[in-house]
Amino acid sequence: MAAFDVPPFRPYPIIPELKPDAMKKDGPFIAKPDHQEALGFPGKLVDNWQEKAIEKMGDLLKRFRSFQVYMDACVKCGACTDKCHYFIGTSDPKNMPVARQDLLRQVYRRYFTFAGKYFPKLVGAKDLTREILDEWYNYYHQCSQCRRCSVFCPYGIDTAEISMAAREIMDSIGHGQKYCNEIIAKVYKIGNNLGLPEPALRDTLEGLEEDILDATGVAVRLPIDEEGVDVLLVTPSADFFAEPHVDGLVGYAKVFHQAGISWTISSYASEAANFSMFIGSYENMRKIALRIRQAAIDLKVKRIVFGECGHAWRVAYSFLNTLAGPFDFLDPKYPVPQHICELTYDLIQRGALKLDKTANDHMKLTFHDSCNVARATRMGSMPGGQFVIPREVIKAVCNHYYDMPSDTIHDGTFCCGGGGGLLTDDLMEVRVKGALPRMEALKQVTDDHGVTHMAAICAICKSQFTKVLPYYGFRMDQIVSVHQLVSNAIVLSPPE
Amino acid sequence: MDFISVVYALLFYLASVIFVVFVARKIYQYATVPAPLKIPTMPAPLTTSGVALRLAREVVFFESLFRSNKWIWLFGWMFHLALLVVLLRHLRYFIDPVWMWVALIQPFGKYASFFMLIGLAGLLARRIVVERIRYISNPSDYLMLLLLLLIGMSGTMLTFVLHTDIVQLKAFTLGLLYFDWQPLPKDPAVLVHLGAVIVLMIIFPFSKLLHAPGIFFSPSRNQVDNAREKRHIAEWATKLETPNN
Ligand code: SF4
Ligand code: SF4
């Protein structure tokens, strides 16, 4: 099936022996000039790229405390070395978080520190060469920016921040990644990652309305660009057509319908995902976030709710207020923004939804904590709500729920392997290998409890699992949306 | 005053100035470079006092490291804690008369040096033996441990084996403080011990020892989780908000 070996399940979680250069490659496809330029970056690798890269590094060191402190603070204790799913799955030592950081740190030391300038050999400082640039490109695209390493580092050093800085530096010298930059360019042009124009979107939503009517006999609406409603729903565009995402979208629609909340999707901001986060570009991230603000103003809504998407929720929860705030024109009774799981959970708590758990009795479920939701956001009003709320929603609509082993969930969760701008076919090998720890955990609950399905609240996780589950002997449809489960269980009132 | 004593005295002043000035510069840098986005590693505290507690747990117990790797935690924590006790014990050479509590910890301080050495030896052994850690180590990482071992061993020797004229040594250190220089006992162990401490103070601001101030400025650990409630924005980012942007 694959041009590479799928790693076998480990009988117990041993730490792999190093296989240097196991994943030494050319990296993903390089961005085309059009896409680079649409984002404000040079079209191709500039002539004086070394000089420009160092200049950019200096600029980022002055603008991002995380980057400056993390470059200095690492003591090479090694605590993070076995924490990355890509290292576990590939055994390539450069996929150990600290070694990944060192690819940038060696250059930082050479150009920005006393020790590196005068005693380079002693502290492992190196001049920026073409070889190092190639390593950056390869290994910073084998990091899904999942932050798992940051949880375990005594100083909280977050390799995601360093990967973002590295990608920003590479973009700024004209050496960006095709997948991310092409997608961002599409958002600017059309409004979403998939490049679905408004008429296509309208069609899709109408089709879904018909499907729901056929299946339930109830007319549930999926409105688009409707002014003056209560809620603007911003959801990843994968929700409009990919499986199992779309079943989740149907679930949101049924929840709104049942709760009597008026809502709409915006064609202008028809994308929750903000890939500019993956390339570490504050300016581009802000530009995309401002579309959401604009849509909320134009449509005169009172609340903003986000659909199921991991990094989108990070940008929404942690950054939206910064990038596109203040949101004082919205209803102050609700947090801005809200997650669809928070909304559904509140309704369930209030008894506002009639649910028939037996509708999901054909499934035994577990829940995959998406890394960005788990380690970079919150839901509800208490720390850790991001773990509790989705699980409570699942348990309210399903009879059979089992958690995966405790060191693979909550803030110790393992990434699906496809996050951080890696969800592209040209990175299939690292995606499959990086999924190993999650697949092992799933195998365990399958063996112990007969779990049949894994629910997730992230568009990337869902797409990634659909692809990689079969490599590990599972079926691709074993991944489901949380709101798909809600959709199954919700009892719709007949039309009045 | 003899030549060696003068050299050591001058080096101590030099090392102190370098240490203070350059560490202060680093702290100033960390404090002034903005953190434009909210990036605490979640779940994070919702209040400033919660954050203070989180940092305190990191600094006092090495909480994250404990969760991460029990061996590194054991050796690392043992070393740091013992070092603290040993340093406090050393206050007796800088204060006259010696404070009550400093006198009381004297026996603990003496034996803590062994724990310090065990911790350091454990860290060094792991660095050499564990393939992953060997891979990420630079020469400076070994040298740092060796330097600390040298300080610890020479100090322990002075305490337990090669007793020196401790009264004279204290006269030297107090003399440094009050700019009234006194000769230094010339035992080799004293010279090695003090020399190595001088080297450590000088390299501190230019090395990974910056993890000490660094941890307090790590945004993933020191930020409050309140992004939705309170708008957090860096000064350079507000400039993007002027109309023509
Ligand atoms: S855990 Fe932190 S300090 Fe230790 S090696 Fe990894 S990044 Fe460096
Ligand atoms: S952020 Fe995640 S993918 Fe990147 S190095 Fe850390 S653990 Fe690995």
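### Regarding the overall build of chain B
Reasoning step 1: Within chain B, the regular secondary structure consists of 13 helices and zero strands.
Reasoning step 2: The linear arrangement of helices and strands in chain B, starting from the amino end, is α-α-α-α-α-α-α-α-α-α-α-α-α.
Reasoning step 3: Projecting the C-alpha coordinates of chain B onto the three principal axes gives extents of approximately 70 × 40 × 40 Å.
Reasoning step 4: Within the span of chain B, comprising 245 residues, buried residues form 49% of the whole.
Reasoning step 5: Here chain B has roughly 12400 Å² of accessible surface; of this, 75% comes from carbon and sulfur atoms.
Reasoning step 6: Averaged over its 22 positive side-chain charges, chain B has a centre that lies 7 Å from the centre of its 13 negative ones.

### Let's talk about the sheet that holds strand β2 (residues 263-265) of chain A
Residue and element names in this part refer to chain A.
Reasoning step 1: Strand order in the open sheet made by the four strands is β2-β1-β3-β4, with parallel pairing throughout. Two strands in the sheet have a free side with no partner beyond their single neighbour: β2 and β4 (338-339).
Reasoning step 2: Sheet analysis places strand β1 (residues 231-234) next to strand β3 (residues 303-306), joined by four bridges and oriented parallel. Looking at the pairing, Leu233 lines up with Val305 of β3.

### A short note on the interface of chain A and chain B
Where interface size is quoted, it is often the accessible area lost as the parts come together.
Reasoning step 1: Across the boundary between the two partners, chain A contributes 79 residues, which contact 58 residues of chain B.
Reasoning step 2: Between chain A and chain B, the buried area comes to about 5700 Å², and carbon and sulfur atoms account for 57% of it.
Reasoning step 3: Linking chain A with chain B are five salt bridges, by the criterion used here.
Reasoning step 4: Residues Arg378 of chain A and Asp225 of chain B are paired through a salt bridge, measuring 3.0 Å at the closest nitrogen-oxygen approach.
Reasoning step 5: Put simply, chain A and chain B have 41 residue pairs in polar contact (both at pLDDT 80 or more) between them.

### A word on the site of ligand 1
Reasoning step 1: Among the 13 residues in the neighbourhood of ligand 1, the closest are listed as Cys74, Cys77, Gly78, Cys80 and Cys153 of chain A.
Reasoning step 2: Among the residues forming the shell around ligand 1, the class breakdown is 10 nonpolar, two polar and one charged.

### Regarding the domain arrangement of chain A
Residue and element names in this part refer to chain A.
Reasoning step 1: Under the domain assignment used here, chain A contains domain 1 (33-176) and domain 2 (185-489).
Reasoning step 2: The straight-line distance from the C-alpha centre of domain 1 to that of domain 2 is 30 Å.
Reasoning step 3: Each partner contributes to the interface: domain 1 provides 26 residues, whereas domain 2 provides 33 residues.
Reasoning step 4: In total, about 2400 Å² of surface goes out of reach between domain 1 and domain 2, with carbon and sulfur atoms giving 59% of it.
Reasoning step 5: Considering only the surface of domain 1 that becomes buried against domain 2, Tyr86, Arg147 and Arg148 emerge as the three largest contributors, covering 21% of it.
Reasoning step 6: For the interface between domain 1 and domain 2, the tally reads one salt bridge.
Reasoning step 7: Arg63 serves as the salt-bridge partner of Glu283, at 3.2 Å between the closest nitrogen and oxygen.
Reasoning step 8: Where domain 1 meets domain 2, there are 13 residue pairs in polar contact (both at pLDDT 80 or more).
Reasoning step 9: Put simply, the parts of the chain that give the side of domain 1 that touches domain 2 at least two residues each are α1 (33-38), α4 (85-90), α9 (148-152) and α10 (159-172).
Reasoning step 10: Of the residues belonging to the side of domain 1 that touches domain 2, the class tally is 10 nonpolar, eight polar and eight charged.

Rules used in this analysis
Residues numbered from 1 in each chain as written. Chains lettered and ligands numbered in written order. Predicted model: local features only at pLDDT ≥ 70, side-chain atom pairs only at ≥ 80, totals over all residues. Heavy atoms only, no water. Helix = DSSP H or I, 4+ residues; strand = E, 2+ residues; numbered from the N terminus. Buried < 20%, exposed > 50% of the residue type's maximum accessible area, 1.4 Å probe, protein only. Areas by Shrake-Rupley, 256 points an atom, 1.4 Å probe, with all protein chains shown as cover. Lys, Arg positive; Asp, Glu negative; His and termini not counted. Charge placed at Lys NZ, Arg CZ, Asp CG, Glu CD. Pairing = 2+ DSSP bridges. Contact = heavy atoms within 4.5 Å. Buried area = accessible area lost by both parts, 1.4 Å probe. Salt bridge = Lys/Arg side-chain N within 4 Å of Asp/Glu carboxyl O. Polar contact = N/O pair within 3.5 Å; in protein donor to acceptor, adjacent residues only side chain to side chain. Near = heavy atom within 4 Å. Nonpolar A, V, L, I, M, F, W, Y, C, P; charged D, E, K, R; others polar. Domains from an automatic or database assignment.

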